[in-house]
Amino acid sequence: MGTIVLAISGSLRNKSFTEKILDLCIDGMGENLEVHKFYPHKMRIKPCTSCWSCWGKKEAGRVYSER
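Residues numbered from 1 in each chain as written. Predicted model: local features only at pLDDT ≥ 70, side-chain atom pairs only at ≥ 80, totals over all residues. Heavy atoms only, no water.

Overview of the pairing of strand β2 (residues 33–38)
Then, in step 1: Relative to β2, strand β1 (residues 3–8) is paired through six bridges, and the arrangement is parallel. In the sheet register, threonine 3 faces β2, and the bridge partner there is leucine 33.
Then, in step 2: Read from β1 through helix α1 (residues 17–28) to β2, the crossover connection turns out right-handed. (Pairing = 2+ DSSP bridges. Helix = DSSP H or I, 4+ residues; strand = E, 2+ residues; numbered from the N terminus. Right-handed = clockwise from strand over helix to strand, strands pointing away.)

Structure (structure tokens):
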């Protein structure tokens, strides 16, 4: 198993300069990498409302949303 890399692209644009630089950084890290790239602007991230609906399930604290 290789090195795990978490890459977060914060640009809202497709094919942005930020994305190009991020890809160059990943390429410069060498081979045998497991890259996980995240795009926060494409994710449904909402603040916690302290409703506790995530508790009491298999994995306490993990939100189970319908997608």
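Having seen the model, we can carry on.
Re the packing of aromatic side chains
Then, in step 1: All chains considered together, the criterion is met by zero aromatic pairs.
Then, in step 2: Over the face of the ring belonging to tyrosine 39 we find lysine 42, whose NZ or CZ atom lies 4.6 Å from the ring centre. (Phe/Tyr/Trp six-rings, centres within 6.5 Å; stacked < 30°, edge-to-face > 60°. Lys NZ or Arg CZ within 6 Å of the ring centre and 35° of its normal.)

Comments concerning the pattern of salt bridges
Then, in step 1: The tally for this structure, following the rule as stated, stands at two salt bridges.
Then, in step 2: Look at the salt bridges and you will find they share partners, linking Glu19, Asp23 and Lys37 into a network. (Salt bridge = Lys/Arg side-chain N within 4 Å of Asp/Glu carboxyl O.)

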